[in-house]
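Architecture at a glance
One letter stands for each residue in the lines below.
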Amino acid sequence: MSVIYVMWLREIKRYLRSRAQIVGSLAQPVLYMIVFGFGFSALFRQAGQGSSVQFIAPGIIAMGVLFTSIFSGIGLFWDRQFGFLKETLVAPVPRLTIMTGRTLGGATIAIIQGTLVLIVCMIFGFRPENWFAVPVALMFMALIAIVFAALGTALGSTMKDMQGFQLIMNFLIMPIFFLSGALFPLAGLNSALTVATRLDPLSYGVDGLRGAFIGISAMSFVLDVSVLVVLSAAFLGLGAWAFSKIQL
Amino acid sequence: MIEAQSLNKVFGDPKSDKAVRAVNDVTFSVKPGEIFAFLGPNGAGKTTTIQMLTTLLKPTSGSVRIDGLDPAESPLEVRKRFGIVFQDPSLDSELTAYENMELHGVLYHVPRKVRAERSEALLKLFDLWDRRASIVKTFSGGMRRRLEIARGLLHTPKILFLDEPTLGLDPQSRNQLWTLVKGLNTNEGVTVFLTTHYMDEAEKAAQRVAIIDHGRIVAQGTVDELKAQTGAESLEGAFLKLTGTTIRDESGTPADAMRQMAKMWQGGRR
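Residues numbered from 1 in each chain as written. Chains lettered and ligands numbered in written order. Predicted model: local features only at pLDDT ≥ 70, side-chain atom pairs only at ≥ 80, totals over all residues.

Points about the overall build of chain A
A tally of helices and strands in chain A yields 12 helices and 0 strands. Its C-alpha atoms give chain A a radius of gyration of 18 Å, within 12% of the compact-globule value 18 Å for 248 residues. The principal-axis extent of the C-alpha atoms belonging to chain A is close to 60 × 40 × 35 Å. Counting every position in chain A, which comprises 248 residues, the buried fraction comes to 49%. Of the contacts formed within chain A by residues at least 6 apart in sequence, a portion of 81% connects residues at least 24 apart. (Helix = DSSP H or I, 4+ residues; strand = E, 2+ residues; numbered from the N terminus. Rg over C-alpha atoms; globule rule 2.2 N^0.38 Å. Buried ≥ 20, exposed ≤ 12 C-beta atoms within 10 Å, placed from the backbone. Contact = placed C-beta atoms within 7 Å.)

As structure tokens, this is what we get:
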């Protein structure tokens with residue numbers, strides 16, 4: 001337990017110490033809020049579909065959680081680069097506990113980051129329809145965070161250079177984000193796109209968040225939660241396996 | 001305590017001619033309570049060997065026994081038996097010096113009270129106590145190195161691996177390090193496996209020495225045996241006789257050899 005705790009604490013400390021980075025990482029949500037939240041507001045009004053700010057905000061919160069959690073997992077790559085990874089690899093503790101600690105740490109900072117993005121969205125005029133929704137939304141943020149922190153760990157364990165990072169960014173992370181319905185409604189898409197969105201784990205997180213915050217969802221609450229829980233377990237397993245196989 | 005039998009490590013496809021045989025049929029054994037020095041020029045295969053002994057790398061062939069256990073089969077059990085100071089940095093530079101010590105202490109199950117006492121003693125010994133709350137990023141190279149060593153000595157393992165521990169250390173810290181390592185060896189019976197480029201250190205500290213070159217062990221025995229074998233006055237002399245005087249590059253290619261030759265021909269000109 002204490003090993004999980006120190007590895008978790010390490011992630012939190014590193015995050016809280018990089019204040020400039022925290023502020024910088026909020027620039028992207030602000031940009032998306034301006035472009036998609038306000039840029040599309042006329043379109044939304046014409047379609048009689050309510051406020052685009054209300055619609056986009058849960059997607060942008062999901063984006064904040066996605067990027068923070070997956071990058072924290074990939075941070076393993078930097079530990080390899082700067083040598084700290086060795087220190088944890090030869091330690092006389094099961095690698096599973098090391099991996100669990102850092103994944104939970106990554107998930108925690110992703111939830112903090114998601115909450116910060118929520119606050120930013122509220123500054124731009126976003127209002128949850130129901131304040132009781134906030135705990136439910138936090139649960140969805142936590143699930144998204146665990147799924148992608150674990151996936152990030154799996155990726156970080158296998159990545160050996162920066163080219164790999166570019167590849168992952170362009171062919172995995174961006175598609176996960178854009179196909180998740182963070183920026184468009186998941187209902188009423190053509191069949192190809194429907195299949196693609198349903199294969200994207202983040203879709204269930206975005207759908208859950210939107211359901212909690214503004215009461216609009218394309219899938220059922222139970223389906224959203226179950227898919228995310230199953231994927232958390234699967235990716236944690238995958239991450240643990242990849243982490244246990246690391247050689248220098 | 002440490003046994004290596006016909007150990008081989010080949011990087012890349014063994015059949016292609018680009019494969020690098022970093023460690024070639026290496027056999028040696030280190031007795032319990034011994035200080036054993038593993039010497040060799042740059043790129044001789046020292047670090048690769050240590051990585052295979054410490055569960056970080058799987059040998060291509062051959063066997064390793066650490067306290068009777070195979071690192072490939074029971075890595076966790078083997079990890080419980082050794083401590084290591086790495087040749088290259090392994091600190092978390094975003095944490096403070098003390099946090100690095102704490103983290104290590106928890107990873108190695110050092111009880112809280114012992115952890116606090118030993119961290120304080122070691123940080124004071126290596127002149128880092130006043131800077132314990134500073135982030136490691138702000139440390140000079142020498143300070144980082146000292147912290148790395150202090151951290152490696154926080155727990156008392158059965159076997160201590162020191163991979164060029166004194167690289168970049170001032171004479172004062174070097175002296176502290178060896179006094180401490182010898183103390184651990186005599187008082188606690190810790191077996192020490194070390195690599196170094198400083199022959200005088202190996203001569204003073206080690207009971208037995210192995211010299212490795214191009215991945216092969218070229219000689220092993222006590223310092224006196226090696227001197228007698230080569231007819232050299234010092235271990236340094238014996239080392240040079242056994243490994244030659246050409247400078248090695250970590251990855252020597254024909255192009256490097258040519259460049260070196262060109263340098264020789266051109267003399268002082270650039």
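That covers the picture; the talk isn't over yet.
Focus on the interface of chain A and chain B
Frequently, the measure chosen for interface size is the accessible area that the parts lose on association. Chain A puts 20 residues into the contact, and the matching count from chain B is 23 residues. Those elements that place two or more of their residues in the side of chain A that touches chain B are helix H1 (2–17) and helix H6 (84–89) of chain A. Among the elements that take part in the side of chain A that touches chain B, H1(A) stands out by supplying 7 residues, more than any other. By residue class, the composition of the side of chain A that touches chain B is 11 nonpolar, 3 polar and 6 charged. (Nonpolar A, V, L, I, M, F, W, Y, C, P; charged D, E, K, R; others polar.)

Some points on the domain arrangement of chain B
Residues and elements named next belong to chain B. As assigned here, chain B comprises domain 1 (2–81 + 158–168 + 179–236) and domain 2 (91–156). A separation of 26 Å is found between the C-alpha centroids of domain 1 and domain 2. Counting from both sides, the interface comprises 6 residues of domain 1 and, opposite them, 6 residues of domain 2. A class-by-class count of the residues in the side of domain 1 that touches domain 2 yields 4 nonpolar, 1 polar and 1 charged. (Domains from an automatic or database assignment.)

Overview of the pairing of strand S6 (residues 159–163) of chain B
Residues and elements named next belong to chain B. Burial of S6 is extensive: 5 of the 5 residues sit out of reach of the surface. Taken together, the 4 bridges between strand S5 (residues 82–85) and S6 define a ladder with parallel strand orientation. Counted as the bridge partner of Ile84 is Phe161 from S6. Relative to strand S7 (residues 191–195), S6 runs parallel, the two being bridged by 5 bridges. (Pairing = 2+ DSSP bridges.)

Overview of the nonpolar core
Grouped together as the largest cluster of nonpolar side chains are 139 residues, with contacts concentrated most on Ile60(A), Ala62(A), Leu66(A), Ile144(A), Ala145(A) and Val147(A). When residues of this core are assigned to their parent elements, the largest contribution, 16 residues, is made by helix H5 (residues 52–82) of chain A. Split by domain, this core shows at least three residues from each of two domains, domain 1 (2–81 + 158–168 + 179–236) and domain 2 (91–156) of chain B. When neighbours within four sequence positions are excluded, Ala145(A) is seen to be in contact with Val65(A), Ser69(A), Ala107(A), Ala110(A) and Ile111(A). (Core = buried A, V, L, I, M, F, W, Y, C linked by C-beta atoms within 7 Å.)

Some details on the pairing of strand S3 (residues 35–39) of chain B
Residue and element names in this part refer to chain B. Counting buried positions over the 5 residues of S3 gives 5, a clear majority of the element. On S3, burial covers both faces: Ile35, Ala37 and Leu39 on one face and Phe36 and Phe38 on the other are all buried. In terms of strand pairing, S3 meets S7 through 4 bridges, oriented parallel. Note on S7: the bridge partner recorded for Phe38 is Thr195.

A short note on the sheet that holds strand S2 (residues 20–30) of chain B
Residue and element names in this part refer to chain B. The 3 strands are arranged S2-S1-S4 in an open sheet whose pairing can be described as antiparallel. Bordering the open sheet on either side are S2 and strand S4 (61–66), each of which pairs with just one other strand. With direction set aside, neighbouring strand axes in the sheet form an average angle of 20°. Contacting strand S1 (2–11), S2 and S4, helix H1 (residues 46–53) runs over the sheet at an angle of about 115° to S1. (Axes fitted to C-alpha atoms, helices over the stretch in contact; angles between N-to-C directions.)

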